[in-house]
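Descriptive structure summary
Residue strings, one per chain:
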There are 2 protein chains.
Amino acid sequence: MTTSLAEENYLKIIYRLCEGTKEDISTNSIAELTNNKAASVTDMLQKLAEKGWVTYQKYQGVRLTKIGESIALSIIRKHRLWEVFLVEKLGYNWDEVHEIAEQLEHIESETLINKLDSFLDFPKIDPHGDPIPSQEGEIPELGYLHLSEVKLNETCTLMGVAKDSAVFLQLLTKLNLSLGARLEVVEINTFDRSVSLKIAEEKPIFISYEVAKNILVKI
Amino acid sequence: MTTSLAEENYLKIIYRLCEGTKEDISTNSIAELTNNKAASVTDMLQKLAEKGWVTYQKYQGVRLTKIGESIALSIIRKHRLWEVFLVEKLGYNWDEVHEIAEQLEHIESETLINKLDSFLDFPKIDPHGDPIPSQEGEIPELGYLHLSEVKLNETCTLMGVAKDSAVFLQLLTKLNLSLGARLEVVEINTFDRSVSLKIAEEKPIFISYEVAKNILVKI
DNA sequence: ATTAATTTTTAGTCTAGTCTAAAAATTAAT
DNA sequence: ATTAATTTTTAGACTAGACTAAAAATTAAT
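Just so we're clear, the structure is a prediction, and the values are computed from it rather than from any experiment.

Concerning helix 7 (residues 166-174) of chain A
Residues and elements named next belong to chain A.
- Buried within helix 7 we find F168, L169 and L172. The arc that holds the buried residues of helix 7, viewed along the axis, is 95°, so those residues lie on one side. Relative to its buried face, helix 7 has exposed residues pointing more than 90 degrees away, namely V167 and K174.
- Following helix 7 by one or two positions, N176 adopts a phi angle in the positive range, close to 70°.

Here you go:
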């Protein structure tokens, strides 16, 4: 069965919301991320349920079915592979690629995405450190922690980000925080959970909890 | 102003029809190429005229305005650059890329297409020998002839095709006719205008007028 | 355990882009 | 120069996907 652009965007966003939780997903939370009104979302959920891509109970929220999940994963795979292309081959920065990949992820061609994968040398992660699902829909488990969970005086490596909005990525760039950086947590303020970090041997920088939470690291 | 997918497809097709002729373009001819009904075409022509992309007189056909033409050219530029990418970088054959490029040509990003251009080393022609419009909408004039116009016993070089349907391209491939081949016209049948060709020093092959007409050559 | 607040759904409307059927204009044919 | 055939346009209807406003269900608060 074929998927429209609108349907693909819904499935992708429902997937993202499912990831965090075992709870069913609320209409409102979808409305927020799709920038649609709740009424429109209800409409679409009924269509998606009709097609067998979500299980949906009136007033009780929604979840992806196996098929729905595999459609979502294939879109995410395409999105992330195109991001690798844009950064590695065309020379974009990591904060510039999201919008373009949002368009490219809807190009429909099985062979295209596999040839692209091969051209890029089968990358496992995208430019933000997010794992790239395989053709079969397997996501390499990377076991990263949020920087906000790292203990005082521990050292870790910046492996990715949990959010890829341009402003956030630009902030990291300004702070000299890039993939692979070695970070030592030299101070944690219990009051607001903000953190001081040493990058390599530089003098410490200060980041808020909000930022620390969205940085993924490996110990 | 922004262009919808449907609008872009109409403009592209009107451009192609304008190319051949100084006459205004008929509703029916557009209907045929867009695979829409004439009534739908009329509707769209009125919208395009409204936006200033075509001049349109009821019952008198349609032409692109300067702006309409530049939109069409930018889509054609994108289409052809993506085709080069698909063939040169991803290893597709020339008869496999049209459908995918039809999708990619609608990706909207000024920077993307220029970075792609640079990544591909500023190609002047696509995998079918068609010229790639510049960012400013200039089309390199290649001065090619149709093979059907070549005189008896003349020798020429295959530079491109005037039609890029998969079946046609596959036929050429089967006949060993590829870009750059040296062709000698050894016989022209006045009855049906079919042609016998020698490719390099091989024994002659026979092609119909229909095929010869769609092969572009340089003397 | 009611009432109030919030969330979700229904009902009805809108737009873009398509369609069919019928009317109008143009072109071709006698 | 009429009539016939063809092309094009109008009119009205449909679908996908969005919206607003109002109704219904759920959740929270007293």
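Back to the text.
A word on the interface of chain A and chain B
- Contacts between the two partners involve 19 residues from chain A, matched on the other side by 19 residues from chain B.
- Taken together, the two surfaces of chain A and chain B that pack against each other cover about 1,600 Å², and 71% of this comes from carbon and sulfur.
- By the criterion of area lost to chain B, the three top residues of chain A are L90(A), Q103(A) and K115(A), representing 31% of everything that side buries.
- Between the two partners, chain A and chain B, sit zero salt bridges.
- Looking at the side of chain A that touches chain B, the elements that each hand over two or more residues are helix 4 (66-89), helix 5 (98-104) and helix 6 (110-119) of chain A.
- With five residues, the top contributor of residues to the side of chain A that touches chain B is helix 6 of chain A.
- Here the residues of the side of chain A that touches chain B are counted per class, giving eleven nonpolar, five polar and three charged.

Let's talk about the sheet that holds strand 7 (residues 205-207) of chain A
Residue and element names in this part refer to chain A.
- Taking strand neighbours across the sheet as the criterion, the six strands line up as 3-8-4-5-6-7 in an open arrangement whose pairing is antiparallel. Of all the strands in the sheet, just strand 3 (145-146) and strand 7 have a single pairing partner and so form its edges.
- In this sheet, strand 8 (residues 215-218) lies alongside strand 3 in antiparallel orientation, the contact comprising two bridges. The residue bridging L145 from the neighbouring strand is V217, located in strand 8.

Brief notes about the protein's contact with DNA strand C
- The local shell around DNA strand C holds 22 residues, among which Q46(A), Y56(A), K58(A), S4(B) and S40(B) are the closest.
- Each atom of DNA strand C within 4 Å of the protein belongs either to a base or to sugar and phosphate, the latter forming 79%.
- T42(A) has a polar side-chain atom sitting 2.8 Å from a phosphate oxygen of DNA strand C.
- One of the side-chain N or O atoms of S4(B) is found 2.5 Å from a phosphate oxygen in DNA strand C.
- Elements that contribute at least two residues to the surface near DNA strand C include exactly helix 2 (27-34) and helix 3 (38-50) of chain A together with helix 1 (5-20) and helix 3 (38-50) of chain B.

A few points about the environment of L104(B)
- For L104(B), the position within the fold is in helix 5 (residues 98-104).
- On the accessibility criterion, L104(B) (0% relative accessible area) is buried.
- Residues L104(B) and E83(B), 21 residues apart in the sequence, show an inter-C-alpha distance of 9.2 Å.
- When residues no more than four places from it in sequence are discounted, the contact partners of L104(B) are W82(A), L104(A), I107(A), W82(B) and L86(B).

Quick word on the sheet that holds strand 8 (residues 215-218) of chain B
All names here are of chain B.
- The strand order 3-8-4-5-6-7 describes an open sheet built from six strands, whose pairing is antiparallel. Strands at the two margins of the open sheet, each flanked by one partner only, are strand 3 (145-146) and strand 7 (205-207).
- With four bridges joining them, strand 4 (residues 155-161) and strand 8 adopt antiparallel strand pairing. If you follow L158 over to strand 8, its bridge partner there is V217.

How each quantity is defined
- Residues numbered from 1 in each chain as written.
- Chains lettered and ligands numbered in written order.
- Predicted model: local features only at pLDDT ≥ 70, side-chain atom pairs only at ≥ 80, totals over all residues.
- Heavy atoms only, no water.
- Buried < 20%, exposed > 50% of the residue type's maximum accessible area, 1.4 Å probe, protein only.
- Helix = DSSP H or I, 4+ residues; strand = E, 2+ residues; numbered from the N terminus.
- Arc of directions from axis to C-beta.
- Contact = heavy atoms within 4.5 Å.
- Buried area = accessible area lost by both parts, 1.4 Å probe.
- Salt bridge = Lys/Arg side-chain N within 4 Å of Asp/Glu carboxyl O.
- Nonpolar A, V, L, I, M, F, W, Y, C, P; charged D, E, K, R; others polar.
- Pairing = 2+ DSSP bridges.
- Near = heavy atom within 4 Å.
- Polar contact = N/O pair within 3.5 Å; in protein donor to acceptor, adjacent residues only side chain to side chain.

Nothing here speaks to function; it is geometry throughout.
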